[in-house]
Amino acid sequence: DIPSGCALQAVIPDCNVHILVKGMIDIDQEIKKVTNRLDKANGNLKNLEKILNGEDYEKKASTEAQENNKVRHENLLADIDGLNATIANLERLKL
């Protein structure tokens with residue numbers, strides 16, 4: 001759970017940081033910044049999934065590349081979850 005008055009930042013998939021921000025930031029501006037980061041992460045995820053779902057991906061990509069892409073995919077999903085949680089928390093701070 002995110003403490004009241006705090007924003008969430010995903011550092012790595014297994015580590016989140018909660019930062020006290022209530023009364024210290026322009027919430028609408030922060031939501032805009034996080035939304036931009038979310039849009040970029042979603043774009044990166046879409047591009048990666050296009051590669052992963054490619055017709056000959058498993059045949060053409062080395063095992064190392066496949067493992068790296070799997071980790072990257074998991075990290076992007078975790079980042080997206082964290083960014084969505086941050087936006088939801090910032091929206092709650094507006095109330």
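Further up the page is the structure itself.
Residues numbered from 1 in each chain as written. Predicted model: local features only at pLDDT ≥ 70, side-chain atom pairs only at ≥ 80, totals over all residues. Heavy atoms only, no water.

**Student:** Whenever I open this one, the pattern of salt bridges confuses me. Can you help?
**Tutor:** Opposite charge on two side chains permits pairing when their charged atoms draw close. According to the stated counting rule, one finds one salt bridge in the structure shown. In this structure, Lys-33 engages Glu-30 in a salt bridge whose closest nitrogen and oxygen atoms are separated by 3.3 Å. Of this pair, Lys-33 and Glu-30 both sit in helix H1 (residues 27–52), separated by three residues, roughly a single helical turn. On the basis of relative accessibility, which here comes to 43%, the residue Lys-33 falls in the partly exposed class. (Salt bridge = Lys/Arg side-chain N within 4 Å of Asp/Glu carboxyl O. Helix = DSSP H or I, 4+ residues; strand = E, 2+ residues; numbered from the N terminus. Buried < 20%, exposed > 50% of the residue type's maximum accessible area, 1.4 Å probe, protein only.)

**Student:** What's the story with H1 in this structure? I'm lost.
**Tutor:** For an α-helix the count is 3.6 residues per turn, leaving residues at separations of three or four pointing the same way. Here H1 contains 26 residues, and its C-alpha end-to-end distance of 36 Å stays within 8% of the 38 Å for a straight helix at 1.5 Å per residue. For H1, the elements touching its buried residues are helix H3 (63–94). Where H1 begins, the side chain of Asp-26 points an oxygen toward the backbone nitrogen of Asp-28, at a separation of 3.2 Å. (Expected span 1.5 Å × (residues − 1). Contact = heavy atoms within 4.5 Å. Polar contact = N/O pair within 3.5 Å; in protein donor to acceptor, adjacent residues only side chain to side chain.)

**Student:** Would you mind going over H3 with me for this structure?
**Tutor:** Taking 1.5 Å of rise per residue, the 32 residues of H3 would be expected to cover 46 Å, and the 47 Å separating its terminal C-alpha atoms lies within 8% of that figure. Here H3 has its buried residues at Asn-69, His-73, Leu-76, Ile-80, Gly-82, Leu-83, Thr-86, Ile-87, Asn-89, Leu-90 and Leu-93.

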